[in-house]
Structure formats: structure tokens, C-alpha cells
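Here's the letter readout for the chains.
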Amino acid sequence: MATIVEPKTPESGFQPYVPPGTKLPEFTARALVLGSIFGILFGAVTVYVGLRAGLTVSASIPIAVLSISILRAFGKSSILENNIVQTTGNAGQSVASGVIFTLPALIFLGFKLEVARIFLLSLVGGLLGVFFMIPLRRQLIVKEHGVLTYPEGTACADVLIAGDRGGSFASRVFWGLGLGGLYTLFQNENLFSAWPSTPTWDIAKYPGSSIRASTTSEYMGVGYIIGPRVAGVLLAGGVFSWLVLMPAIHFFGAGLATAVYPGTLPIAQMTPTDLWRTYVRPMGAGAVAAAGLITLLKTVPTIVSALKASLAQMGKSQGQQSSSRTENDLPVSVTLGGSVLLIVAMWAFLTFKPVPGAYTTAGANVLAAIFVVIFGFLFVTVSSRITGLIGSSANPVSGMTIATLMATSAIFLALGWTAPAFGALVLSIGGVVCIASANAGDTSQDLKTGYLLGATPRAQQAALLIGVTISTFAVGYTLTGMNKGLEEFRALTKQVDINHLPPGVTLEKTNGNPSFDRGRFTYKTSDGKELTGSGSDYYLLNAINSPEVANGKYLYSPKTGEIEVQWIQGIGSERAAAPQAQLMSTVINGILTRKLPWGLVMLGVFLVIVVELLGIRSLAFAVGAYLSIGTTLAIFAGGATRWLVEQSAKKAGEEATESEVSPGSLYASGLIAAGGIMGLIGIGIKLIESTGKLPENSIAWGTRIPWLAHNDALAVITFLLLAASLYYFARKPLEGAKQLEKQH
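All values derive from a computational prediction rather than experimental measurement.

Go over the overall build of the chain with me, naming the residues and quoting the values.
Across its full length, the chain holds 23 helices and 9 strands. On C-alpha atoms alone, the chain measures out to a radius of gyration of 25 Å, which is about the 27 Å that the 2.2 N^0.38 rule sets for 744 residues. For the chain, buried positions account for 59% of its 744 residues. Here the chain has roughly 28400 Å² of accessible surface; of this, 64% comes from carbon and sulfur atoms.

Describe unusual backbone geometry, listing the residues and the values that go with them.
Trans is the prevailing form of peptide bonds, just as negative phi is the prevailing case for residues other than glycine. Between Y261 and the following residue, P262, the backbone shows a cis peptide bond with an omega angle of 5 degrees. When you line up the elements, P262 lands in the loop between α9 (217–253) and α10 (272–316). Phi at Y150 is positive, roughly 45 degrees, even though this residue is not glycine. With respect to the secondary-structure elements, Y150 resides in the loop between α6 (137–143) and α7 (151–164). For N697, which is not glycine, the phi torsion reads 55 degrees and is therefore positive. In this structure N697 comes out as partly exposed when scored by relative accessible area, which is 27%.

Kindly report on α7, identifying the contributing residues and their values.
Since the α-helix advances by 3.6 residues per turn, residues separated by three or four positions end up pointing in the same direction. The end-to-end C-alpha separation of α7 is 20 Å, in line with the 20 Å expected for 14 residues at 1.5 Å each. The element α7 is largely enclosed, with a buried count of 11 among its 14 residues.

Before we move on, can you summarise the packing of helix α3 (residues 79–102) against helix α16 (residues 579–592) with the specific residues and values?
Direction vectors running N to C along α3 and α16 enclose 50 degrees, while the axes themselves pass 6 Å from each other. Our classification of the angle between α3 and α16 gives oblique. The segment α3 lies against α16, with I100, F101 and T102 engaging Q580, A581 and M584. In terms of residue class, the contact of α3 with α16 is made up of 4 nonpolar, 2 polar and no charged.

With reference to specific residues and values, describe the nonpolar core.
Membership of the largest hydrophobic core comes to 143 residues, with the highest contact counts inside it found for L51, L128 and L479. In terms of residue count, helix α14 (residues 420–453) provides more of this core than any other element does, 14 residues in total. Not counting the four nearest positions on each side in its chain, L51 is found in contact with T46, I100, P104, L479, M482, I571, A576, A577 and A578. Core analysis: the next-biggest nonpolar cluster, separate from the first, contains 37 residues, L71, L80, A155 and A162 among them.

Provide a residue-level description of a nonpolar patch on the surface, including the pertinent values.
A contiguous nonpolar patch, built from W598, M602, F606, I609 and L613 and spanning about 510 Å² of accessible area, is present on the exposed surface. Counting through the fold element by element, F606 comes out in helix α17 (residues 598–613).

Could you give an account of the side chain of S97, with specific residues and numbers?
When you line up the elements, S97 lands in helix α3. Once residues within four sequence positions are removed from consideration, S97 is found in contact with T46 and T56.

Would you mind going over the pattern of salt bridges in detail, with residue names and values included?
With the rule as written, the count across this model stands at 19 salt bridges. Between R137 and E327 there is a salt bridge; the shortest N-O distance is 2.8 Å. Residue R137 is found in helix α6, and its partner E327 is found in the loop between α10 and α11 (332–352); the two are separated by 190 residues along the sequence. Residue class for R137 comes out buried when judged on its relative accessible area of 2%.

How would you sum up the packing of aromatic side chains? Please name residues and give values.
By the definition in use, this model includes 30 aromatic pairs. Each ring, one from W417 and one from F422, has its centre 5.1 Å from the other, and the planes form 15 degrees; the classification is stacked. Counting every residue linked through ring pairs, the aromatic cluster contains F371, F375, F379, F412, W417 and F422.

Go over the environment of Y538 with me, naming the residues and quoting the values.
Within the fold, Y538 resides in the loop between β6 (530–534) and β7 (539–543). Sequence separation between Y538 and I563 is 25 residues; the distance between their C-alpha atoms is 9.0 Å. The contacts of Y538, once residues within four sequence positions are left out, are P514, S515, F516, F521, Y523, L555, Y556, S557, P558, E564 and V565.

Give a detailed account of the packing of α3 against helix α15 (residues 457–485), specifying residues and quantitative values.
Two elements in contact, α3 and α15, have axes whose closest approach is 7 Å; the angle formed by their N-to-C orientations is 45 degrees. Taken together, the axis directions place α3 and α15 in an arrangement best described as oblique. The two elements α3 and α15 meet at a crossing, and its hand is right-handed. Side by side, α3 and α15 meet where N83, I84, T87, T88, A91, G92, V95, A96, V99 and I100 of the first sit next to A459, Q460, A463, L464, G467, V468, S471, T472, V475 and L479 of the second. Of the residues assigned to the contact of α3 with α15, the class counts are 12 nonpolar, 8 polar and no charged.

Could you give an account of the side chain of S444, naming the residues involved and the relevant values?
Following the sequence through the fold, S444 ends up in helix α14. Among the residues examined, S444 registers a relative accessible area of 0% and is labelled buried. Apart from residues no more than four positions distant in its own chain, S444 is found in contact with M133, I141, Y150, S384 and T387.

Let's hear about the environment of L350: which residues, and what values?
Relative to the assigned elements, L350 resides in helix α11. The class of L350 is buried, set by a relative accessible area of 6%. Taking C-alpha positions, L350 is 26 Å from T381, a pair spaced 31 residues apart along the chain. Those residues within four positions of L350 in sequence are excluded, and the remaining contacts are T360, N365, A368, L425 and S428.

How would you sum up the confidence of the model for the chain? Please name residues and give values.
Looking at the chain, pLDDT values average 88 and 93% of them are 70 or higher. A low-confidence stretch, residues 1–10 (pLDDT under 50), is modelled with 19 contacts involving residues beyond four sequence positions or located in other chains.

About the cut-offs
- Residues numbered from 1 in each chain as written.
- Predicted model: local features only at pLDDT ≥ 70, side-chain atom pairs only at ≥ 80, totals over all residues.
- Heavy atoms only, no water.
- Helix = DSSP H or I, 4+ residues; strand = E, 2+ residues; numbered from the N terminus.
- Rg over C-alpha atoms; globule rule 2.2 N^0.38 Å.
- Buried < 20%, exposed > 50% of the residue type's maximum accessible area, 1.4 Å probe, protein only.
- Areas by Shrake-Rupley, 256 points an atom, 1.4 Å probe, with all protein chains shown as cover.
- Expected span 1.5 Å × (residues − 1).
- Axes fitted to C-alpha atoms, helices over the stretch in contact; angles between N-to-C directions.
- Parallel < 35°, antiparallel > 145°, perpendicular 65-115°, else oblique.
- Contact = heavy atoms within 4.5 Å.
- Nonpolar A, V, L, I, M, F, W, Y, C, P; charged D, E, K, R; others polar.
- Core = buried A, V, L, I, M, F, W, Y, C linked by side-chain atoms within 4.5 Å.
- Patch = residues over 30% accessible without salt bridge, like charges linked within 9 Å, V, L, I, M, F, W, Y side chains within 5 Å.
- Salt bridge = Lys/Arg side-chain N within 4 Å of Asp/Glu carboxyl O.
- Phe/Tyr/Trp six-rings, centres within 6.5 Å; stacked < 30°, edge-to-face > 60°.
- Left-handed = near helix turned anticlockwise from the far one by under 90°.
- pLDDT = per-residue confidence, 0-100.

As C-alpha cells, then:
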């Protein structure tokens, strides 16, 4: 990629929508409350959708659209109030994006997810993203207005201005919320489960293969927003894994009587899901890691150019202050003092409350804090500038995080810090930097929206700090809730000697007690029968990079001397694959321990090289190869619907390219939010059921009607009807579109 050459644009002549001398209600209690509610909702939805689909979508425009309608219902509202709502609410989505790309890797590294740890690291990263961005606002947003366009921020400003002039967009989002919520109520396996949530066809005459689709409203919406091109590349990766690689593994391995590492069962006994979990995921992790590195190398010139330009502008404008309302930032004492306090808090937390089983010295934690400052400020600066040039959706946050992890891991390796505890420390550093970079990019978009509208920067920055703080609670509880709510226990028989465990397998203890710290749990046998076990009857074993036992958690029975149950945690399962977090753990393990199933990992690496040579976007292909085809096929259905909409518009002589504020995109945003909210309600019910306060499948009445429980055709028909509703609302003219046309 060529270095970006940016012309210098003078900072004069621009007039915002609300003049600096005009005072309107802005930083009001109702705006902050509504924005905080949106931050919690969209933060939780981003975690839910991102862990399942491996993708996130911007929430600023849906929040702005909903805010206009809701505040209007409560009486007269100002455009600056609505801007504070979307600024506060969007903080939740941006923090959640950074969290799900990194912190779930603790599970893949063999450690526990704790709400308190997620909260603190999210808070430190989110607030640093705001604090580090504030000194850059004048240089990037004001000085280079006209050069750095910040496309999402500009689009959001257009929506707010159209709403202030009487335009309305909210009905399309509300339709998506309503119909998507109703659909999910019947479709979700934790709710009514009126038909199979994932219709599946395991092709008997093509063993090892499977075609399936998780027919959720959020996948339909995500596919529509990312478009047919990206959705098609994602599906291509899924087709390769599920219809080429897995049948090949079965073809060549079915005659073997013993298991092939890292498997624990002979290949002939494996289902397609077993093949995916055992062999495809390590290959997919190698593919995602290689694609991430290639993306990083491609963006190095852009990153270097952005950093040089930002540092040059900062050097030219030191000490410039303004008394104008629209140039009133939070004081340097707040940003600098807040940053120092956050770094000290992070050091104290790592030192006095380390990850269980990952104890590091105070000196190592000081080094971690220093790395957070260096990499954090570096990539916040880069992220803020790049989003102005190419938008948040193309911001290479994962590439910057990989660079942080690789550099930190290499330094730790040189120092001899290669124990598992240091892997958790590397991830903590990378997690904070990733969250800060993701939040800084979205913060820049929000401040650009405010600049165009004539907002008070100080009020927006305070709203961002509030939004980050409140939304981190939702992010932490959603992450841990999904990990438990989507977990599975499966019967598995493997002989091990508890006194001489295989390399890489350890006995976990809780307060010195080796027993599994659960009450009763239900697990399934290979033929689908459900059995009940008691945690006190088992020891918990943890396998990481073992040559004999696949990575994961296992329940060992001291009575039989065998592993009897595999505990598949929710994050990392087929229903919440978390590909980016798997990528981060692969990078850390690859450098610190150098113990990976390298044969499978290298298959993924060279697959990506082939894809790059073909001129295809390798990162999207790699993520598709890692995810279940159930995810990628459902996302492709949304992308195909958008293609049909664009073709229909083209034939009618209309604008064929969808935008973030087009009728279809707004309806799709409603589908995503509805699927996420209803899905989280289902997980909440599942968690209550696990305590015994509700019976198993308490409201899933569809599972008790055989005709419905196994009716894959009904699942496909209802999903096609959902796609038809998306097509209908995408082609139906939008009431507020006229106002947008007038503005342009």
C-alpha cells in the first residue's frame, strides 16, 4: 500500500450547523441516561454478535435515529442533546469491539474469565482511548477538516441534521427491532425453540461434510450491512473447511484405528462438528494469524505516514487555546492526571489481584504498564488518523494489536519470561491497547460529528467518559454470561494417570480442592442421551498444548481413573467461536511456548498465501474458514438479499449502492439489535435454569413437539420469510430520505 500524501487544508471559513454563539440544551440528564441505556444495550449486543459472527457493526447511526424519535416523544429536544445520546451510547459498542477481539483469549490460554478483570481492563483501555485522543482533537478534527473526512461521523451528522429539520428514520429501525425480536422469540433454542435454530444436513454419501445455517436475525442483518462481496468471501472460507477439508480428513483418516493428534477419538467416529473443533479450528487459527500479519504489513506504510503527520501537527500547535464554546476541551490536567491514575490502577490490579494461576512480579507489571503507555498512545494516534481517512470499518485495529502482542512477546521471550503467567500478562497489555485503539477511532468519529454540528467538545468528552464507564459493566457480565450460558458437557472416555499426567495437562484446584466447583450438570453421550453428573465426583483437568490431549477442560473421575466428560466452554464453541481471540492466543503461544499443532497451523498459513496470490481478501476468507459454516451461510443470506436489493434498484434507475442510512441498512440494524437482545434474554433464562430455579428448557415448548423440534424445512422457510421482509423494507422509500437529499 502506498504512503498516503495528504494536502494541507487551512482551518478557516467553516461554520457548524449550530453557531458557536448559540446555546442549546446539550449535556442534560435525560441525554446521559438515554445514552447510557443505549451504551449498555449496544455494548451487550456487540459482545453477543461479535463472539458469534466474528464481526461488529457501527452503532452510532442506529442510536442517533432512535434518539431523535425517543427524545421527540418526551417533548422538544435539541440536536446537541441527540448528539450527546449517540456519543454516550456509541462508547459501549466501541469498547465491546476491543474486548471481544482480545480478552476471551484468556480462555484459550487456559485461564478463567472474571467479571472484575474484564471490567478493569475494559475501563482502562476505554478511558485511555478517550484521554489520549483529546489532545489530538484540534489537530485531526479541526486543523485537517476537509482532509480527514471521518465518513461515519459525517454520515451521523447528516442524520442528526435531517432529524432536526423534521426527517424521520426511526420507524425502519423499530420495524427491524419488532419483527426481528418476534422472529428470534420463536427461533432461539433458549426461548420458544419452535423450530430448529440450526437446520443441518450431514451428507451421508459425502462423509465428513455438513451444510447448516444458524438462521438468526442478527446474522441476516450483519450479512446485509457488510454486503455480498465480503459475505461471499466469508462463505468461501466456510465451504473450503466444511465441504473440502473435512471430507478430505475423513477420507484419508477413516481407516485409522487410533486417534490422530490433536484428536481424542478415531476419525471414523467423529461427527462433522468434532472434525471442525479438532482439526479445522487450529488450521483456521493459523490462517487468521497469517492473514492478520499480512494485513499488518500492508498497513505499515499507512500507519507510519499517519503517525508522522500527527506528530508533526502536534509539534506545530502546542499551547494553542481558544475561548470559543466549540473549541472548549477538557483541560490537560484532567487528561494527563486521569491517564496516570489509570496506569497506576492497572499496575496495582495486576500485582495484587493477578489472573488465578498467573502470578507475575511487581517489576514485570511495571513493564506491562510502560508498554501500555507506549503502544497505547502510538496506536491511539494512528487509529484516530486512519479512521479519518478510510473509516472505522477499515481501521486495522487487529493488526495493531498483533504488532503489540508480537513485540511484547518477543521482549518477554528475550527476558526468559515464557511461563503461562506471562502469556496472560501479554494478553492484558494487548487487550488494553486494542480497546484503547478501537475506542479512539470511534471517539474521533463522534468528535467529528460534534464539530460539524457545533457541539461543545468538553461536553462530548465527558459523555464519552461516562459512556465507557457504564458500558463496561454490561460488557463484562455479557462475556461471562455467554461463556456459561452456551457451555456444553459431552461424554468422553480417555485413560490418564492422575499421578503422572501427560505433558501440558494440569490438575486445577479451587481453594486447594481438586473437585469440580459445580453442583449437578447434564452431559450428552455420543448417541444423544442425556446423563446427570455431580461436580464433587470429578477433578478438573486443563490441557494446553499437550501432545496427547486436545486443548480444553476435562472432568476426571478418581473412581474409574479415566476422563469421562469434556467441558466445552461457551466461548470457543461452535455457537461463539471468537476467531479474533483465538488469533491472539495463537500469536502468544506461538512466540512464548512455541508449542502448537504446527502441521495444522502451517496448513492455514499457506492456504492464506494461496488466497492472497489469487487477489482475494485473505482475512475475510480466513475468518470464514475458522467459523462454522452455519454462521457464514446465514451471513451470506443477508449479503445475497442486499445484492437483490441493489439489482432491483439498478433496474429501476435508482441509486444502486446502499449507504449506512439507507432503508435496508436501518432495518438490518434493527434485526441485529433484536437478535442480540433476545439472544441475551435466552442466555439469561439458561443461566437461571442452571441454578435449578427453572426446569431445563422451561419455555422451549417446541422441543416437546417432535414435528417442530426436527422440522428443518420450517426453519428454512421462516428464515426466507425474514429475508423477504428485509428486501421489502429495503425497497420501501424512507420518510427522512428527502431531508438527506436536500442536504447533499
